[in-house]
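Residue-level listing of the chains:
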Amino acid sequence: MTDAQETAAETTLRTTGGAPPDDLPPAPVPLLEPREGIPPVTADADALAEVIATFAAGHGPVAVDAERASGYRYGQRAYLVQLRRAGAGTALIDPVGCPDLSGLGAAIADAEWVLHAATQDLPCLRDIGMIPARIFDTELAGRLAGFARVGLGAMVENILGYALEKGHSAVDWSTRPLPEPWLHYAALDVELLVDLRDALEEELERQSKLEWAHQEFAAIAAAPPAPPRKDPWRRTSGMHKVRRRRQMAVVRELWTARDRIAQRRDVSPGKVLGDAAIVEAALALPANARALAALNGFGHRMNRRQLEQWQAAVDRARELPEADLPQPGQPVTGPPPPRAWADKDPAAAARLSAARAAVTQLAEGLNLPQENLIAPDTVRRLCWEPPAEPTTDAVASVLAGHGARPWQIDQVTPVLAAALLATPA
């Protein structure tokens, strides 16, 4: 048993559902106000310069959070950025009034940035010039430490004993001016983030997992921006109902038209036209605007001009030559779906079954989610195209080639090599 397995087995923090019934933790203390009150929103160059100077003079890690307007506006831009640092207090910055925060990013570049679910916030922070060199992700740290609930509120309550205010996470953060209760919520989101970081660091150290966390954080900070998604229209909800290529062309045309309108109006695409309506039109292939208006999602509160623009998209798809119609599937660059393995390659299916069982058992012993122990896609690729001789060195090389971190390779290589050896070639 490794050090990590031994310490995970001895975990006494409430990582798997709480303390024993006869030793219930005290009720969480409501966190009602930020320590220094709600700061004014920074929305111009002069105020931003003051914040930059204050945070550059602060010390220790910087808690960072961002609020978006998902479901209301087009894209995932930040509409409020919150920061907190010892010696600097809390700052609330409006990226609409201050669209370039690269000066602030440079002022705190040497500090560790503490974020919760960093991969959600880093893209919109990057867009406004804030790019960290080092991070500490409290959500990911919680997963590695074995906590069953890793939302910010649950972790602050479970680890620090405070109850955060809830209720404003899904509001329209593009609203101006921002209501005071929303600013109150936003300031509290970074109030205890560094305290949570310190407690999680101590717990990870106790479980001999801190180095694992550091490797994960470094990989997130170093990851390049995600490339544009190929054929994003294929992710339309309900797409599985669309079977014929002509119908797929209708989805593509309607999705593209909707996206163009949503971008121009700066609203969420779903507010322009719902996915269900797109799929309904694709299945029906309406011949004219009147037929389109009879479909769910088109007749209600939609004027003739709007109906005609959507019908024009349908007509473009109806008139496409066969050669220009989309193919029924996307090019597959990796293994086929696991459900098809038994028919395509029974030996590979057996390898995958053995590997999955081994990873599950190991993850349980280490008290962490198996997807954090090793990416499921990496396991599939290894089992679909295993090395000719599945030695530990060969398996480790394959895992490294697929981006596994050193700690993951150290942990899973022995069990994956054994699973490959135990199944037929």
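Residues numbered from 1 in each chain as written. Predicted model: local features only at pLDDT ≥ 70, side-chain atom pairs only at ≥ 80, totals over all residues. Heavy atoms only, no water.

The protein chain has the name 3'-5' exonuclease in an unreviewed UniProt entry, where Streptomyces violaceusniger is given as its organism.

Moving on: the overall build of the protein chain. Helix and strand counts for the protein chain stand at 20 helices and eight strands. Along the first, second and third principal axes, the C-alpha atoms of the protein chain reach 65 × 65 × 45 Å. Expressed as a percentage of contacts within the protein chain between residues at least 6 apart in sequence, the contacts between residues at least 24 apart total 69%. By element, 51% of the accessible surface of the protein chain is carried by carbon and sulfur atoms, the whole surface being about 21,200 Å². (Helix = DSSP H or I, 4+ residues; strand = E, 2+ residues; numbered from the N terminus. Contact = heavy atoms within 4.5 Å. Areas by Shrake-Rupley, 256 points an atom, 1.4 Å probe, with all protein chains shown as cover.)

What follows is about the sheet that holds strand E6 (residues 112–115). Read from one edge of the open sheet, six strands run E2-E5-E4-E3-E6-E7, paired in mixed fashion. The strands lining the two open edges of the sheet, one partner per strand, are strand E2 (41–42) and strand E7 (134–137). Examined bridge by bridge, E2 and strand E5 (residues 89–93) share two bridges and lie parallel to one another. When the sheet's bridge partners are listed, Val41 is paired in E5 with Leu92. Helix-sheet contacts for helix H5 (residues 138–145) involve E6 and E7, and the interaxial angle to E7 is about 55 degrees. (Pairing = 2+ DSSP bridges. Axes fitted to C-alpha atoms, helices over the stretch in contact; angles between N-to-C directions.)

With that settled, the discussion passes to empty space enclosed by the protein. Within the structure shown, the criterion is met by one cavity of 30 Å³ or more. As a volume, the largest cavity reaches approximately 40 Å³. Taken together, Leu122, Arg126, Met130, Ile131, Pro132, Ile220 and Ala221 make up the full set of residues lining the largest cavity. Looking at the lining of the largest cavity residue by residue, the classes come out as six nonpolar, no polar and one charged. (1 Å grid on protein atoms, 1.4 Å probe; cavity = no way out; pocket = protein on both sides within 12 Å on 5 of 7 lines; lining within 4 Å. Points joined across faces, edges and corners; volume = space filled by probe spheres on them. Nonpolar A, V, L, I, M, F, W, Y, C, P; charged D, E, K, R; others polar.)

Turning next to helix H7 (residues 180–191). Taking 1.5 Å per residue as the helical rise, H7 with its twelve residues ought to reach 16 Å, and the 16 Å between its terminal C-alpha atoms agrees with that figure. Most of H7 is tucked away: ten of the twelve residues are buried. All buried positions along H7 are accounted for by Trp182, Leu183, His184, Tyr185, Ala186, Ala187, Leu188, Asp189, Val190 and Glu191. The inward-facing, buried residues of H7 abut E2, strand E3 (59–68), strand E4 (78–86), E5, helix H6 (152–160) and helix H8 (193–206). (Expected span 1.5 Å × (residues − 1). Buried < 20%, exposed > 50% of the residue type's maximum accessible area, 1.4 Å probe, protein only.)

Turning our eyes to something else, we now look at the layout of surface pockets. In this structure, the largest pocket encloses a volume near 1,200 Å³. Forming the walls of the largest pocket are 31 residues, and the residues nearest its centre are Gly75, Gln76, Pro227, Pro228 and Arg229. Mapped by element, the contributors of at least two residues to the lining of the largest pocket are helix H4 (118–127) and helix H10 (245–265). Considering every element that reaches the lining of the largest pocket, the biggest residue donor is H4, with seven residues. Looking at side-chain class alone, the lining of the largest pocket contains 14 nonpolar, eight polar and nine charged residues. Counting only domains with at least three residues in the lining of the largest pocket, you end up with domain 1 (29–222) and domain 2 (233–319). (Domains from an automatic or database assignment.)

It is worth spelling out the environment of Arg197 at this point. Examined against the element boundaries, Arg197 turns out to sit in helix H8. Sequence spacing of Arg197 and Pro61 is 136 residues, and the spatial spacing of their C-alpha atoms is 9.3 Å. Contacts of Arg197, omitting those with residues within four sequence positions, involve Pro61, Glu112, Val114, Phe136 and Thr138.

With respect to the helices and strands, Glu201 occurs in helix H8. A relative accessible area of 24% places Glu201 in the partly exposed class. Those residues within four positions of Glu201 in sequence are excluded, and the remaining contacts are Phe136 and Leu210.

For E6 and E7, the ladder comprises four bridges, and the chain directions are parallel. Bridge pairing in E7 places Trp113 opposite Ile135. With H4 bridging E6 and the parallel E7, this β-α-β connection has right-handed handedness. (Right-handed = clockwise from strand over helix to strand, strands pointing away.)

Moving on: the UniProt feature "domain: HRDC" (unreviewed entry) in the protein chain. Mapped onto the present numbering, the UniProt feature "domain: HRDC" (unreviewed entry) falls at residues 244–324. The distance separating the terminal C-alpha atoms of residues 244–324 is 13 Å; by composition the span is 69% helix and 0% strand. (UniProt positions renumbered as here; feature names shortened; annotations may be inferred.)

Next up on the list: the packing of aromatic side chains. Any aromatic ring pair is given by two values, namely how distant the centres are and how the planes are angled relative to each other. The final tally for this structure, using the stated rule, is five aromatic pairs. Between Trp341 and Trp384 the ring centres are 4.8 Å apart and the planes differ by 50 degrees, which places this aromatic pair in the tilted class. Taken together, the positions of Trp341 in helix H15 (residues 341–344) and Trp384 in helix H18 (residues 376–384) put the pair 43 residues apart, joining distant regions of the chain. Given a relative accessible area of 22%, Trp384 falls into the partly exposed group. In this structure, Arg77 is placed above the aromatic ring of Tyr79, and the distance from its NZ or CZ to the ring centre is 4.7 Å. (Phe/Tyr/Trp six-rings, centres within 6.5 Å; stacked < 30°, edge-to-face > 60°. Lys NZ or Arg CZ within 6 Å of the ring centre and 35° of its normal.)

Moving on to H8. For H8, spanning 14 residues, the distance from its first C-alpha to its last is 20 Å, which sits close to the expected 20 Å at 1.5 Å a residue. Among the residues of H8, those classed as buried are Leu193, Leu196, Arg197, Leu200, Glu203 and Leu204. Down the axis of H8, the smallest arc covering the buried residues is 130 degrees, so these residues share one side. Seen from the open side of H8, the exposed residues pointing more than 90 degrees away from its buried face are Glu202 and Glu205. Immediately downstream of H8, the backbone of Ser208 shows phi near 60 degrees, a positive value. (Arc of directions from axis to C-beta.)

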